[in-house]
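Reading the structure
Given next are the chains, with one letter for each unit.
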Amino acid sequence: MPDSLSVIQHDPEMALQEQSIEAAYQESVRAESSAKTQQQAASQRTRTVTQNGATAAADTVPKAKAAPARQGIMLVAHQEPQMPVSPRTVGSPTTSWVIMGLVALFLLVSMRYRNNFRFLRGIRRDVLSKQPANDMFQETVRETSFLILLNLLCIASAGVLLFGAFEIDNPLFRTSQRWYEALGGVTLVVAGLYAWQWLTLFITGRVFRGPKATRHWLRGLAASQGLLGMVLFPLALLSIFYSKILYILVITGACAYVLTRILFICKGFRIFVKGSASYLPFFYYLCSVEIAPVVLTWTLAYQVCTGIAGG
């Protein structure tokens, strides 16, 4: 039996079929290789376009320059540790008593006033006039009590505002359990300032000017303090309810105090100074009544507030 190779060689049809199969196989290999080559070329073109686009975009955006590194010592301001401060509760019993006291004084003043404009004209006259009124019935018991109540209202309102000024300086006062005692101590110090002013004016006027001028001078002091009380009362109430504007209220009260004292000093100058020999006693009055007592009152009231409230 002849072998298969000999049969293939002597059979022309089988040889032709074998050649066609071989040719078809070679053609498929070439087609597959061409398709791979085209795919690689397309991928290469895509990567090239992407890289060129990124390069162009990078060229259009300005490059941020890196900040040069700095070496050295940095100074940082010292910060005090912030302590949580809880404001006073307006509805607390002690705060209610303070509000009731101020309102009660205001109601008493209103009851003595009763739409009597003569009282306001009397206050204006006592603050601005150089000579006392000649009407012997001008000063009545009702008018005197009206001025006394206004002065009490002024003292109470000034104590509340002064305590508010201390709260701005030391917020721990408002969280103290004894803040109302500190407020009472500050109010007593303010009352002591008023008593010292009245006593000093009485002694100075009696020694240098006589009883009539002294009486008119003291009347001007009471009128100016009463006028100040009308301004300080609403400020004191607002300082209790609106602690966020406490600084503005205190500054407004201080400006009102300075203005009324300037009016009273001008009145005292016109009453007291009658010649060159009167300048020295008037300077003594300014130091002993208008300057030194105010500074001492601030210092003493702050010490009292600190000692009671434990600030």
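The structure this text deals with has already been given above.
A quick note: this is a predicted structure, and the numbers were derived from the prediction, not measured. (Residues numbered from 1 in each chain as written. Predicted model: local features only at pLDDT ≥ 70, side-chain atom pairs only at ≥ 80, totals over all residues. Heavy atoms only, no water.)

Turning to the packing of aromatic side chains, a few remarks are in order. Applying the stated criterion to the full structure yields seven aromatic pairs. Judged by centre distance (5.1 Å) and plane angle (85°), the rings of F166 and Y302 are edge-to-face. Of this pair, F166 sits in helix α5 (residues 141-169) while Y302 sits in helix α10 (residues 279-309), placing them 136 residues apart in sequence. Take F166: its relative accessible area is 0%, and that puts it in the buried class. Taking the relative accessible area as the measure of exposure, Y302 reaches 22% and is therefore partly exposed. Three or more aromatic residues link up through ring pairs in this structure, and these residues are F163, W179 and Y180. (Phe/Tyr/Trp six-rings, centres within 6.5 Å; stacked < 30°, edge-to-face > 60°. Helix = DSSP H or I, 4+ residues; strand = E, 2+ residues; numbered from the N terminus. Buried < 20%, exposed > 50% of the residue type's maximum accessible area, 1.4 Å probe, protein only.)

With respect to the element layout, P281 can be found in helix α10. For P281, a relative accessible area of 12% translates into the label buried. For P281 and F208, which are 73 residues apart along the polypeptide, the C-alpha to C-alpha distance reads 8.1 Å.

Together, I168, L238, F241, Y242, I245, Y247, I248 and I251 make up a nonpolar patch on the protein surface, roughly 760 Å² of accessible area in all. The set of elements that each furnish at least two residues to the nonpolar patch consists of α8 (211-241) and α9 (246-272). A per-element tally of the nonpolar patch places α9 first, with three residues. Position of I251 among the secondary structure elements: in helix α9. (Patch = residues over 30% accessible without salt bridge, like charges linked within 9 Å, V, L, I, M, F, W, Y side chains within 5 Å. Areas by Shrake-Rupley, 256 points an atom, 1.4 Å probe, with all protein chains shown as cover. Salt bridge = Lys/Arg side-chain N within 4 Å of Asp/Glu carboxyl O.)

This part takes up the nonpolar core. Counting 53 residues, the largest nonpolar core has L102 and F163 as its most contacted members. Top element by residues in this core is α5. It accounts for 13 residues. If near-sequence neighbours (up to four positions away) are discounted, L102 is found in contact with L153, A156, S157, V160, F233, A236, L237 and I240. (Core = buried A, V, L, I, M, F, W, Y, C linked by side-chain atoms within 4.5 Å. Contact = heavy atoms within 4.5 Å.)

Let us now look at the pattern of salt bridges. Under the definition given, this model contains two salt bridges. In this structure, the salt-bridge partner of R178 is E181, at a minimum N-O distance of 2.7 Å. For E181, a relative accessible area of 31% gives the class partly exposed. Across the pair R261 and E290 runs a salt bridge whose closest N-O atoms are separated by 2.6 Å. With a gap of 29 residues between them, R261 in helix α9 and E290 in helix α10 connect regions that are remote in the sequence. The same class applies to R261 and to E290, which are both buried.

This next bit is on the packing of α9 against α10. For the pair α9 and α10, the least separation of the axes is 11 Å and the interaxial angle reads 160°. One finds that α9 runs roughly antiparallel with respect to α10. In this structure, α9 crosses over α10, and the sense of that crossing is right-handed. Where α9 abuts α10, its residues Y257, R261, F264, I265, G268, F269 and F272 lie against Y279, P281, F282, Y285, L286, V289, E290 and V294. (Axes fitted to C-alpha atoms, helices over the stretch in contact; angles between N-to-C directions. Parallel < 35°, antiparallel > 145°, perpendicular 65-115°, else oblique. Left-handed = near helix turned anticlockwise from the far one by under 90°.)

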